[in-house]
Amino acid sequence: MSRRQCEVSVVWCTKDDGEETASVMLQTPKIIRQYKPCSSKGSSSDCVLLCSVANAPNATLTMYKDNTVFSENKYADLNIDLSLCLEVENQDNSTYSCVINNPTSNKTKHLNISQLCQDCKYISQTPVSVMEGDSVTLHTNITEVQMEDHLMWMFECLHPQLILIAEILNKVAVVTDCENLRSRDRLQLDSQTGNLTIKNTSKEDSGVYKLLFNSPDSRCWSYDVYVHAHLPVPVITNNSLQCSSSSSESICSLLCYALNVSHVTLSWYKEISLLSSISVSDDNNSISLCLEVEYQDKNTYSCVIYNPISNQTTHLDISELCPVQSNDHIWEYVGVGVAAVGVVVLIGAIVRFCFCNRNQA
């Protein structure tokens with residue numbers, strides 16, 4: 001059996017010195033937009049494009065600008081992937097093409113800058129909430145990613161700059177790193193559906209995740225992810241100085257509060273009816289809410305703190321925080337009052353007696 005029969009995708013060529021070399025039947029270059037600069041120095045260009053060919057031994061990849069060689073890459077080893085990066089402005093009117101060639105063939109792909117570099121109009125998906133430490137999956141609703149598809153997940157690691165954190169190219173899923181998502185081991189990308197899973201979430205994972213899916217059914221989706229910390233149990237105290245708006249001695253003023261919370265709502269309930277409510281969205285904030293009740297109130301009250309996925313409740317014990325003074329104490333106060341009045345009356349009688357005797361004398 002000949003080599004050509006065994007390896008139909010390989011053409012064997014003979015050099016001038018008689019040595020045989022293998023030339024793989026070339027694939028047409030693939031051009032995609034990527035969201036990272038060509039070099040670590042960064043770039044101010046509007047659009048970064050990548051031309052690549054998989055498995056191209058003994059081949060040369062060349063980028064042309066207006067029929068002039070702009071950049072080139074070649075490698076002699078087998079099973080090597082070749083790529084060239086190009087940074088352009090959205091208004092660039094030059095003609096670019098990417099060409100792969102070996103001793104037996106060549107393939108050309110022309111760049112359509114207006115199509116590849118157009119701004120994507122993101123469609124917001126339903127916001128996602130997750131408890132800190134749990135896992136969350138962002139769904140693409142894609143049945144199966146095809147070989148010609150290019151899927152990219154991006155995150156605002158350095159606001160407002162989008163950083164590529166995961167992608168699928170040639171049906172191969174690759175996860176990259178990000179300053180906020182410090183460990184790439186926490187990211188899992190499904191190569192068939194494109195679903196992105198974030199494991200062991202932390203508050204730093206909160207933010208905007210964007211999906212770009214370049215295919216015949218292209219889409220640009222945006223996901224707002226909120227990672228919520230575990231809620232503290234609200235505290236209720238007797239706080240007449242901060243809360244009281246009444247001078248009545250029959251009113252007991254109470255304060256319910258929680259510390260170091262964000263994106264929560266604090267509410268007072270009477271039985272099952274909502275009395276009052278307050279919300280806070282800033283990080284590491286304090287939240288508090290007052291309640292005034294009668295000392296003899298027999299209703300059931302509770303203070304509840306909650307976010308979209310959890311809640312904590314503290315029930316009010318009026319008898320403990322707003323105790324009614326006992327009858328013994330009341331009678332003690334009455335006795336003291338009566339005694340005081342008696343002393344005043346006695347002193348008045350003595351003064352009158354002395355005054356009368358003095359007049360008679």
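The structure presented is a predicted model; accordingly, all values stated were derived computationally and were not measured.

Brief notes about the nonpolar core
- One finds Leu151, Trp153, Ile165 and Tyr209 to be the most contacted residues of the largest nonpolar core, which totals 24 residues.
- Among the secondary structure elements, those contributing two or more residues to this core are β11 (128–131), β12 (136–138), β13 (150–158), β14 (161–169), β16 (187–189), β17 (196–198), β18 (207–214) and β19 (219–228).
- Among the elements that take part in this core, β19 stands out by supplying four residues, more than any other.
- Listed in part, the 21 residues of the second largest apolar core include Leu231, Cys256, Ala258 and Cys303.

Comments concerning the layout of surface pockets
- Space inside the largest pocket adds up to approximately 910 Å³.
- Along the walls of the largest pocket sit 37 residues, with Lys30, Ile31, Ile32, Leu116 and Asn214 positioned nearest its centre.
- Of all elements in the fold, only β3 (30–34), β4 (47–53), β7 (82–88), β9 (106–110), α2 (113–116), β13, β18 and β19 reach the threshold of two or more residues within the lining of the largest pocket.
- At four residues, β3 tops the list of elements feeding residues into the lining of the largest pocket.
- Taken together, the residues that form the lining of the largest pocket break down as 17 nonpolar, 13 polar and seven charged.

Here's the deal with the state of the cysteines
- In total, this model carries six disulfides according to the counting rule given.
- Sulfur-sulfur distance for the disulfide between cysteine 38 and cysteine 85 comes to 1.9 Å. Sign of the S-S torsion, about -80° for the bond between cysteine 38 and cysteine 85, identifies this disulfide as left-handed. Of this pair, cysteine 38 sits in the loop between β3 and β4 while cysteine 85 sits in strand β7, placing them 47 residues apart in sequence.
- Here cysteine 85 falls in the partly exposed class, since its relative accessible area comes to 26%.

What counts as what
- Residues numbered from 1 in each chain as written.
- Predicted model: local features only at pLDDT ≥ 70, side-chain atom pairs only at ≥ 80, totals over all residues.
- Heavy atoms only, no water.
- Core = buried A, V, L, I, M, F, W, Y, C linked by side-chain atoms within 4.5 Å.
- Buried < 20%, exposed > 50% of the residue type's maximum accessible area, 1.4 Å probe, protein only.
- Helix = DSSP H or I, 4+ residues; strand = E, 2+ residues; numbered from the N terminus.
- 1 Å grid on protein atoms, 1.4 Å probe; cavity = no way out; pocket = protein on both sides within 12 Å on 5 of 7 lines; lining within 4 Å.
- Points joined across faces, edges and corners; volume = space filled by probe spheres on them.
- Nonpolar A, V, L, I, M, F, W, Y, C, P; charged D, E, K, R; others polar.
- Disulfide = S-S within 2.5 Å.

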